[in-house]
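One-letter residues, chain by chain:
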Amino acid sequence: MALSDDFPKIISVDDHVIEPAHVWQDRLPAKYRDVGPRVIQRRGNMSFVGGVFSYEPDEDGQLGDWWVYEDKQIPQTRLSAAVGFDRDEVKVVGITYDEMRDGCYDPKARLADMDENWTEAQMAFPSFPRFCGQTFKEASDMELADLCVKAYNDWMVEEWCGDSDGRLIPLIIIQLWDAELAAAEIRRNAARGVRAVCFSEIPPYLDLPSIHTEYWEPFFRACEETGTVINMHIGSSSKMPSTSTDAPAAVGSTLTFGNAMSSMTDWLFSGWLARLPNLKIAYSEGQIGWIPYILERADKVWEENRGWGGVSDLVAEPPSTYYYRQVYGCFFDDEYGLDNLEKCGIGNICFETDYPHSDSTWPHSRDTAEKLMGHLPPDVVRKLVRGNAIEMLDLDLTP
């Protein structure tokens, strides 16, 4: 169908930022600059097999810009900065800032690319810290790690989002290794208007306590009390679903929703959504077609097996009750999910453009959205494209 100028402007709840080289060098105390995150150029080889990304320096490999932090050396890859490349050129290879599109790391250029993509506002996940800041959880010097988390959040709020007139939505990270520090960081940033935080879909994959413990209570409570949405991106547990160590990347790419599906089941039976009825969680890039069956299955398990299932004292109502009240699914291309939208929840679904990753629909996100949703009533389209995101994140924008 033809594009129409009255199609709602997109508010994307899942995009990414490639952090510029100065983020930590400009903000860390001088004594930490030689060990804190910094960028060098070097050559190396990368691969993505069996759901695992691996890399190693190699003087005969691809030239790229690499982050160096303590004993880590982590390359920038073309998969993470894919916009502007032909599909056949998007490969697991290194890349330099000069080869990237400026919108990957420069906020003014990002706004221009958003204009080209019919996008009014967007929220970007981190890259070097990884999708929930787990890079800093793995550090040796936890004092430095704490400073790195705060430096990232200061950059995110003050520089990346600061001059965007609300179009770039701040998304912060936390000190995963200390729930009390995490709660304090939530409150510090909520005081300056932040309403979104990254978190791991499956914390035990990061050698952290599961959400079935009390460990996370200070963090979860701080999020509820400040209206901060917990956003869990696929891969935020540093482990992508696959079937074997030698499965081709296409297998893992097909199964990317798997951790989101497992995570939501965890949350529905954890009791936290019942205990904290104003807490909101979102599954970024998890797609939505799997949601109706999981809700059906969870409700049946709750009804038929709660006597021995271990949740009768935690989950007082059918699990789907909490989903429709407090959980958001996010998609960029999911025809089956949209065919089952009533069961996914018209008020529970948000759209995303995934800029600048290899799955991004930029610069054709409006075309994609209209093809996917053009058959739906205009009021429903508006909710999916922008209204639900505004409600979820309490944005000062017109629904």
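Residues numbered from 1 in each chain as written. Predicted model: local features only at pLDDT ≥ 70, side-chain atom pairs only at ≥ 80, totals over all residues. Heavy atoms only, no water.

Where an unreviewed UniProt entry is consulted, the protein appears under the name Amidohydrolase family protein, with the organism given as Iamia majanohamensis.

Engineer: Account for the nonpolar core, naming residues and giving values.
Structural biologist: One finds Phe199, Phe219, Phe220, Ile230, Trp267 and Met373 to be the most contacted residues of the largest nonpolar core, which totals 116 residues. With 10 residues, helix α3 (residues 142–160) is the single largest residue contributor to this core. (Core = buried A, V, L, I, M, F, W, Y, C linked by side-chain atoms within 4.5 Å. Buried < 20%, exposed > 50% of the residue type's maximum accessible area, 1.4 Å probe, protein only. Helix = DSSP H or I, 4+ residues; strand = E, 2+ residues; numbered from the N terminus.)

Engineer: Explain the pairing of strand β6 (residues 119–125) residue by residue, including any values.
Structural biologist: Counting buried positions along β6 yields 6 of 7 residues, so the element is predominantly enclosed. Across 5 bridges, strand β1 (residues 10–16) lies against β6 in parallel orientation. Bridge pairing links Ile11 to Ala121 in β6. Of the strand pairs in this sheet, β6 and strand β7 (residues 168–169) are connected by 2 bridges, and their pairing is parallel. Bridging across to β7, Gln122 finds its partner in Leu168. (Pairing = 2+ DSSP bridges.)

Engineer: Lay out the UniProt feature "domain: Amidohydrolase-related" (unreviewed entry) in the protein with the relevant residues and their values.
Structural biologist: As annotated in UniProt, the feature "domain: Amidohydrolase-related" (unreviewed entry) corresponds to residues 99–395 in the numbering used here. With 47% helix and 10% strand, residues 99–395 has end C-alpha atoms that lie 34 Å from one another. (UniProt positions renumbered as here; feature names shortened; annotations may be inferred.)

Engineer: Would you mind going over the side chain of His16 in detail, with residue names and values included?
Structural biologist: Within the secondary structure layout, His16 lies in strand β1. When its relative accessible area of 0% is taken as the criterion, His16 is described as buried. A polar contact of 3.0 Å, which involves the side chain of His16, links it to the side chain of Asp354. A polar contact is formed between the side chain of His16 and the side chain of His357, at a distance of 3.5 Å. Not counting chain neighbours up to four residues away, the residues in contact with His16 comprise Arg110, Ala124, Phe125, Phe131, His233, Glu285, Asp354, Tyr355, Pro356 and His357. (Polar contact = N/O pair within 3.5 Å; in protein donor to acceptor, adjacent residues only side chain to side chain. Contact = heavy atoms within 4.5 Å.)

Engineer: Tell me about the packing of helix α4 (residues 179–190) against helix α5 (residues 217–226), and name the residues and values.
Structural biologist: Packing of α4 against α5 leaves a shortest axis separation of 7 Å and a crossing angle of 15 degrees. Between α4 and α5, the crossing angle belongs to the class labelled roughly parallel. Note on packing geometry: the crossing formed by α4 with α5 is right-handed. Packed against α4, whose contacting residues are Ala179, Glu180, Ala182, Ala183, Ile186, Arg187 and Ala190, the element α5 presents Pro218, Phe219, Ala222, Cys223, Glu225 and Thr226 at the interface. The residue makeup of the contact of α4 with α5, split by class, is 9 nonpolar, 1 polar and 3 charged. (Axes fitted to C-alpha atoms, helices over the stretch in contact; angles between N-to-C directions. Parallel < 35°, antiparallel > 145°, perpendicular 65-115°, else oblique. Left-handed = near helix turned anticlockwise from the far one by under 90°. Nonpolar A, V, L, I, M, F, W, Y, C, P; charged D, E, K, R; others polar.)

Engineer: Go over the packing of helix α7 (residues 258–270) against helix α9 (residues 291–309) with me, naming the residues and quoting the values.
Structural biologist: At a minimum axis distance of 11 Å, the contact between α7 and α9 shows a crossing angle of 35 degrees. Note that α7 runs across α9; the crossing there is right-handed. Between α7 and α9, the residues in contact are Met261, Met264, Thr265, Leu268 and Phe269 and Ile291, Ile294, Leu295, Ala298, Val301 and Trp302, respectively. Residue composition of the contact of α7 with α9, grouped by class: 10 nonpolar, 1 polar and no charged.

Engineer: Mind laying out the sheet that holds strand β8 (residues 196–198), listing which residues take part and the relevant values?
Structural biologist: Strand order in the open sheet formed by 5 strands is β8-β9-β10-β11-β12, with parallel pairing between adjacent strands. In the strand order of this sheet, the two ends are held by β8 and β12 (349–351), each with one partner. Going across the sheet, the axis of each strand differs from the next one's by a mean of 25 degrees, ignoring polarity. Strand contacts of helix α14 (residues 378–393): β8, β9 (229–233), β10 (281–284), β11 (327–331) and β12, with the helix running at about 110 degrees to β12, the strand carrying the most contacts.

Engineer: Please set out the packing of aromatic side chains residue by residue, giving values where relevant.
Structural biologist: Following the criterion strictly, the structure yields 25 aromatic pairs and no others. Each ring, one from Tyr55 and one from Trp66, has its centre 6.2 Å from the other, and the planes form 80 degrees; the classification is edge-to-face. In this pair, Tyr55 sits in strand β3 (residues 52–57) while Trp66 sits in strand β4 (residues 62–69), placing the two residues 11 residues apart along the sequence. The class for Tyr55 is partly exposed, based on a relative accessible area of 33%. Ring geometry for Trp216 against Phe220: centres 6.4 Å apart, planes inclined by 25 degrees, an arrangement best described as stacked. (Phe/Tyr/Trp six-rings, centres within 6.5 Å; stacked < 30°, edge-to-face > 60°.)

Engineer: Give a detailed account of a negative patch on the surface, specifying residues and quantitative values.
Structural biologist: Taken together, Asp333, Glu335, Asp339 and Asp359 make up a surface patch of like negative charges. Its relative accessible area of 45% is what places Asp333 among the partly exposed residues. (Patch = residues over 30% accessible without salt bridge, like charges linked within 9 Å, V, L, I, M, F, W, Y side chains within 5 Å. Areas by Shrake-Rupley, 256 points an atom, 1.4 Å probe, with all protein chains shown as cover. Salt bridge = Lys/Arg side-chain N within 4 Å of Asp/Glu carboxyl O. Lys, Arg positive; Asp, Glu negative; His and termini not counted. Charge placed at Lys NZ, Arg CZ, Asp CG, Glu CD.)

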